[in-house]
Amino acid sequence: VAITTRLLVSHLSGIRHYEKDITKVKEEKEKANRAFKLIKSYQDKEQKEKEGKGIEKTDSVKPRKEHEGEVKSRNSKPGRRDKEFEQEEYYLKEKFESVIESLKIFKNDPLFFKPGDQFLYSTYGFTLLSAVVERVSGQKFTDYMLKMFRDLDMLSTVVDDNEAMIYNRARCYVYNKKGRLVNAPYVDNSYKWAGGGFLSSVGDLLKFGNALLYSYQAGQFKKTNGKLLPGYLKPDTVAMMWTPVPKTEVSWDRDGKYAMAWAVVEKKQQYGCCRQQRHYASHTGGAVGASSVLLILPEELDSEAIDTGLVAPPRGVIVSIICNMQSVSLSSTALKIAREFDKEKWAQ
């Protein structure tokens, strides 16, 4: 078989995640699909009832099973243990000197399916992707990323190195089996720099979101007389990254599909005066003792504003949340916050 970088970045490679038993993975997927069908049938019934009464229905987000980037969080209550974090490989303490060396963890394991056939979120797929970046760039993956972070002015974003003294590094927490708050156990993330090995701040993630949103929208502003600087990425590149890929799914947002390293919800409205689906991109993140989310809700720009040059990119709402607690569901909260700021803007 052939595994391309596009398959890796959209989690269609067939490379395993932390669970080595494909039977257990299939069982979990079937359970999730059954639960989704029940929720969907209830929502459809509720929608029909409200349509019959002539009531406008706007977007509503019910608590759902989250992936938290690496994590299938279950809208955790204090003390509730997440099965995902029962996987032994979350707690590796071995220090790998290179990305190539860390491939030994999974390189001899069989693929779960033929590449391109199915979606399976895989941290190790991104480990392999980082090895590709390393070979193509001719630099260590971490050095390559840190240079990029400097370009983006993300000066607080660093490698999560246990030995280094990192200014303002937070302590991380988990709940133990008795439901008590305890310090997160020691882990070494050198086996998965690309999938969960960096520390950042809310401010840096906002800079990252704004840089992407600027790049995405910059191509729409034609009459700028050369005053508009180019984006960090080409507009077409971001548009490609935010275009849903067939056969993918998003466990933390059932309206969405996976794109290229982003979950994306497309603009959609089926009925007048009923539920409107806005276009946005997001991703959750989770590790031992920490949870996060970054959501980008682009403003729907009208041609008059673009042509007159009265506004300039980035236009939209960026929401970033980071907490030093394991298995916290944040995506629905981020979306609610984004909508509130969006409503406030239009109210002005």
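Note that the structure is a prediction, hence the values are computed from the model and not measured.

### A word on helix 7 (residues 202-218)
Counted at 1.5 Å a residue, the expected span for helix 7 with its 17 residues is 24 Å, and the 24 Å between its end C-alpha atoms agrees. In this structure, the buried residues of helix 7 make contact with helix 8 (235-241), strand 8 (290-298) and strand 9 (316-323).

### A few points about the environment of glutamate 19
As for its position among the elements, glutamate 19 is in the loop between helix 1 (5-9) and helix 2 (22-52). Sequence separation between glutamate 19 and glutamate 89 is 70 residues; the distance between their C-alpha atoms is 8.7 Å. Among all residues touching glutamate 19, those that are not within four sequence positions of it are Lys24, Val25, Gln87 and Phe112. Reaching out from glutamate 19, the side chain makes a polar contact with the side chain of glutamine 87 at a distance of 3.0 Å.

### Notes on the nonpolar core
Generally speaking, nonpolar side chains in soluble globular proteins are found buried as a group. Ranked by internal contacts, the top residues of the largest apolar core, which has 39 residues, are Tyr124, Leu212, Trp242, Trp262 and Ile296. Elements represented by at least two residues in this core include exactly helix 1, helix 4 (123-137), helix 5 (141-151), helix 7, helix 8 and strand 8. No other element matches helix 4, which puts four residues into this core. Summarising the domain contributions, this core has at least three residues from each of domain 1 (1-38 + 80-172 + 182-199) and domain 2 (219-347). Excluding residues within four positions of it along the chain, tyrosine 124 makes contact with Ile15, Arg16, His17, Tyr18, Glu89, Ile105, Phe106 and Tyr191. Within the second largest apolar cluster, 14 residues are counted, among which are Tyr280, Val317, Leu330 and Ala334.

### Some remarks on the sheet that holds strand 6 (residues 263-265)
Pairing in this open sheet of five strands is antiparallel, and the strands run 5-6-7-8-9 from one edge to the other. If you trace the sheet from one side to the other, it starts and ends with strand 5 (257-258) and strand 9, each paired once. Bridge count between strand 5 and strand 6: two bridges; the pairing is antiparallel. Bridge pairing links tyrosine 258 to alanine 263 in strand 6.

### Points about a nonpolar patch on the surface
Side chains of Val1, Ile3 and Leu111 sit close together on the surface and give an oily, nonpolar patch of about 270 Å² of accessible area. Tracing the chain through its elements places isoleucine 3 in the segment before helix 1.

### Some words on unusual backbone geometry
Of note, the bond from proline 313 into proline 314 is cis; its omega dihedral lies within 30 degrees of zero at 0°. Although it is not a glycine, cysteine 273 sits at a positive phi angle of roughly 60°. Secondary-structure assignment places cysteine 273 in the loop between strand 6 and strand 7 (280-287). The exposed category is assigned to cysteine 273, whose relative accessible area is 60%.

Thresholds, definitions, all that
- By convention here, each chain's residues receive numbers from 1 onward along its written sequence.
- With pLDDT at 70 or above as the cut-off, local features in this predicted model cover only qualifying residues; side-chain atom pairs require 80 or more to be listed or tallied, and sums for whole chains, interfaces and linings still use all residues.
- The side-chain numbers reported here are obtained from all heavy atoms of the structure, hydrogens and water having been left aside.
- Per the convention used, a helix needs a DSSP run of H or I reaching at least four residues, while a strand needs a run of E reaching at least two, with both numbered from the N terminus.
- One less than the residue count of a helix, multiplied by 1.5 Å, gives the span that helix is expected to have.
- Residues count as neighbours in contact if any of their non-hydrogen atoms are within 4.5 Å of one another.
- Definition of a polar contact: a pair of N or O atoms within 3.5 Å, with one able to donate and the other able to accept a hydrogen when the atoms are protein atoms, and with sequence-neighbouring residues admitted only if both atoms are side-chain atoms.
- Only buried residues count toward a nonpolar core. Its members are Ala, Val, Leu, Ile, Met, Phe, Trp, Tyr and Cys residues joined through side-chain atoms within 4.5 Å.
- Under the scheme applied here, a residue whose accessible area is under 20% of the maximum for its type counts as buried, over 50% as exposed, and between as partly exposed, the area being computed with a 1.4 Å probe on protein chains only.
- Either an automatic procedure or a domain database provided the assignment from which the domain bounds are taken.
- Paired strands, as defined in this entry, are two strands with at least two bridges between them according to DSSP.
- Patch building starts from residues that exceed 30% relative accessible area and form no salt bridge, then joins like charges within 9 Å and nonpolar side chains (Val, Leu, Ile, Met, Phe, Trp, Tyr) within 5 Å.
- Surface accessibility in these figures is a Shrake-Rupley result with a 1.4 Å probe; residues are shielded only by whichever protein chains are displayed.
- In what follows, salt bridge is the name for a side-chain nitrogen of Lys or Arg lying within 4 Å of a carboxyl oxygen of Asp or Glu.

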